[in-house]
Amino acid sequence: MSAPGVQSFTQQGWEQVLAKVKRALVYVDAACAESLHWGCGSARLLEAVGAPACHLREFEPNAAGGEADQPKAVFVLSCLLKGRAVETLRDIIRRSHFQYCVVVTAVSHAVHLTANHVPPAAAAELEGQQPVFEQLEEKLCEWMGNMNYTAKVLHIPLLLAPAAPHLALTPAFASLFPLLPQDVHLLNSARPDKRRLGSLGEVDATALPPELLLQIRCLVSGLSALCEHLAVREECFAVGSFSRIIAADLANYAPAKNRRKTSTGRASVVFVDRTLDLTGAVGHHGDNLVEKIISVLPQLPGHTNDVMVNMVELTALQNEEENQNMVAPGCLAQSNDAAAKALWEALLNAKHKEAVMEVRRHLVEAASRENLPIKMSMGRVTPAQLTSYIQLFKNNLKALVSHCGLLQLGLATVQTLKHPQTAKWDNFLAFERLLLQSIGESTMPVVLNQLLPLIKPSNQRTNDDYSPEELLVLFIYIYSVTGEFTEDKDLAETEEKVKKALAQVLCKESELSPLLQKITGCDALSHLTFHRSKAAVDALFTSLRDIAGARSLMKQFKSVYVPGNHTHQASYKPLLKQVVEEIFDPERPDPVDIEHMSSGLTDLLKTGFSMFMKVIMLSTRLLKPLAVPELLFATDRLHPDLGL
């Protein structure tokens, strides 16, 4: 067996699920499906089911029930067994003919006790017992219509979607995002005047709404299970106010305290608020092929971290738009293809030019092994050249099946290189570099005025112009990289001009994209008035101001902007890179912005970073990971920019 890691943790969990699904109808929610997708693949699940028909369904309220010849069901869920999830379970079971139900939840029983308002002292007395799961088992039998039928509820920590040996994602927490200053006003609305919060720095767990606290506890439960699998006693550190709450909850989580008493290894877990640096998440200075693939190809439905690869190229169909939905799309996750996995991991860590050459090398080697008539060509790798290699597999079914994973990554590369948005990448990069120079030499109003001419309605835009969504990316870039700035009349007037121009452009769009529908609150352009558009843009700029001030509470990591001088241009230095440098530089004093979270009296006596052994870096929400030692994972979208 391989050494414990994120992949073995995920595979071990799914092996337990696979042992339960023989000849069962299997319902899986989106987050668990994504974990399966990256961890071991849906083919493994279907193979374990062993039925001739496809017995895999999405867990959602309108899911079809089981027929009379389908007596067994397995539900695999990432969420608490409470509220809407239980209602959906009930509705599916009642319209089915099940006699045997297994419900797997990724959330531990300890968290279910918390969700059911069981006090910590009473929960401690229930160690080894699972009353919440037992009560649900009775309900399952009741819904099946016979108390003598079989029902089982169990916890399996299906937390991660392992994208690589040292990079994992937590799709169930895609919506978990650090608080912004405007959220303090919402928290204060439910607090008496004498207990009002002054800033994000004063927010602790007691100030958060119960729903958010439960979401944090679900994440903590999964992380504790991961540490148990790794056999480590973790020390928790935080950078940012929201990360401090999560790190403190993990440090003081009762099951984790008990586990640490017998753990043999040591590790340090560093939580980082993503809002402290959104520059890297939206910027285009990463010279990485995977970043471009994920940015330009359409998202795989139901997934947060994979894309659709058009596979029509390998069929006899014409590569026309109407044929693209006739063939199932390819993807990036190739969990059961060793060669494709090796290529994927190489692409994650390589620069763009090296990555494209690596794709060519793998295609050439695969074609040579299959004795396909390949014509070697050196020099610059082009989309046409890669396509010609891929086409060699088209009429050889055996070779096509053997190298399907590699061909999907090859096609993803070709489609990205040919995509119009890739050509625009350099435009973004050039403008971002111009903005970096302007920030050092000009005030914020001058920088915003540079963007004003770029805000154009759809009937005046060319392919080289920026859409409203792309303009939002640039605004986030500007406000995040600039950080705190002086507010004055000139800035207020310039911002107002920009907001009016953007509001007018939204009203003149030919149609509203899903993102613009979410921002404006309108599902159709006919419902969008200028007043509603302006209100939505005002709210956007409130958030942008919050993003600019996100590092205001930092003492050491106050800036991600490096001013230029007579030898170097101004540049962006990622916050995660700064954090890692601080951790691993023995010459530097103890960092003041990396807070150690105590889990007891003895921890209060610890100082310094001598406890840093293995490092696990976590960032809430969007993450562009750095190549830190051991392990790095994020709670949402994979967006690599590797190479520390």
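Residues numbered from 1 in each chain as written. Predicted model: local features only at pLDDT ≥ 70, side-chain atom pairs only at ≥ 80, totals over all residues. Heavy atoms only, no water.

- Under an unreviewed UniProt entry, the name given to the chain is Sec1 family domain containing 2, and the source organism is Pipistrellus kuhlii.
- Recorded under Sequence similarities (unreviewed entry), the UniProt text for the chain is reproduced unchanged: "Belongs to the STXBP/unc-18/SEC1 family." (UniProt positions renumbered as here; feature names shortened; annotations may be inferred.)

**Some words on the overall build of the chain**
(1) Moving on: Across its full length, the chain holds 26 helices and 14 strands.
(2) Moving on: Here the chain has a C-alpha radius of gyration of 26 Å; the compact-globule value for 644 residues is 26 Å, and the two agree.
(3) Moving on: Split by element, the accessible area of the chain, about 29600 Å² in all, is 52% carbon and sulfur.
(4) Moving on: Separation between the mean location of the 62 positive side-chain charges and that of the 70 negative ones in the chain comes to 1 Å. (Helix = DSSP H or I, 4+ residues; strand = E, 2+ residues; numbered from the N terminus. Rg over C-alpha atoms; globule rule 2.2 N^0.38 Å. Areas by Shrake-Rupley, 256 points an atom, 1.4 Å probe, with all protein chains shown as cover. Lys, Arg positive; Asp, Glu negative; His and termini not counted. Charge placed at Lys NZ, Arg CZ, Asp CG, Glu CD.)

**Description of the domain arrangement of the chain**
(1) Moving on: Under the domain assignment, the chain is made up of domain 1 (6–159), domain 2 (174–277 + 574–613), domain 3 (298–418) and domain 4 (422–549).
(2) Moving on: The C-alpha-based centres of domain 1 and domain 3 are spaced at 36 Å.
(3) Moving on: Tallying the contact residues gives nine residues for domain 1 and 14 residues for domain 3.
(4) Moving on: Contact between domain 1 and domain 3 buries roughly 860 Å² in total, counting both sides, with carbon and sulfur atoms accounting for 49%. (Domains from an automatic or database assignment. Contact = heavy atoms within 4.5 Å. Buried area = accessible area lost by both parts, 1.4 Å probe.)

**Comments concerning the pattern of salt bridges**
(1) Moving on: Scanning all chains against the criterion turns up 22 salt bridges.
(2) Moving on: Taking the shortest distance from any N to any O, the salt bridge between Glu358 and Arg361 comes out at 2.5 Å. Of this pair, Glu358 and Arg361 both sit in helix α15 (residues 352–369), separated by three residues, roughly a single helical turn.
(3) Moving on: Under the relative-accessibility criterion, Glu358 is labelled partly exposed at 22%.
(4) Moving on: Here Glu496 and Lys499 are joined by a salt bridge, their closest N and O atoms 3.7 Å apart. Highlighted residues: Glu496 and Lys499, both in helix α22 (residues 489–507), separated by three residues, approximately one helical turn.
(5) Moving on: Here Lys499 falls in the buried class, since its relative accessible area comes to 13%. (Salt bridge = Lys/Arg side-chain N within 4 Å of Asp/Glu carboxyl O. Buried < 20%, exposed > 50% of the residue type's maximum accessible area, 1.4 Å probe, protein only.)

**Points about the side chain of Thr416**
(1) Moving on: Within the secondary structure layout, Thr416 lies in helix α18 (residues 404–418).
(2) Moving on: Those residues within four positions of Thr416 in sequence are excluded, and the remaining contacts are Lys292, Ile293, Val296, Leu297 and Thr422.

**Describing the pairing of strand β6 (residues 161–164)**
(1) Moving on: Bridging between β6 and strand β7 (residues 167–169) involves three bridges; their strand directions are antiparallel. Across the sheet, Ala164 pairs through a bridge with Leu167, a residue of β7. (Pairing = 2+ DSSP bridges.)

**What to know about the environment of Thr315**
(1) Moving on: With respect to the helices and strands, Thr315 occurs in the loop between α13 (289–296) and α14 (338–349).
(2) Moving on: Here the alpha-carbon distance between Thr315 and Asn395, two residues 80 residues apart in the chain, equals 8.6 Å.
(3) Moving on: With residues near it in sequence (within four places) discarded, Thr315 still touches Val327 and Lys394.
(4) Moving on: Within polar-contact distance, the side chain of Thr315 engages the backbone oxygen of Val312 at 2.8 Å. (Polar contact = N/O pair within 3.5 Å; in protein donor to acceptor, adjacent residues only side chain to side chain.)

**Looking at the pairing of strand β4 (residues 100–105)**
Sheet faces and side chains relate simply in a regular strand, where the side chains alternate between the two faces.
(1) Moving on: Among the six residues of β4, five are classified as buried, and the element is accordingly described as predominantly covered.
(2) Moving on: Across six bridges, strand β3 (residues 72–77) lies against β4 in parallel orientation. For Val74, the partnering residue across the bridge sits in β4 and is Val102.
(3) Moving on: The sheet contact formed by β4 and strand β5 (residues 150–155) spans six bridges and is parallel.

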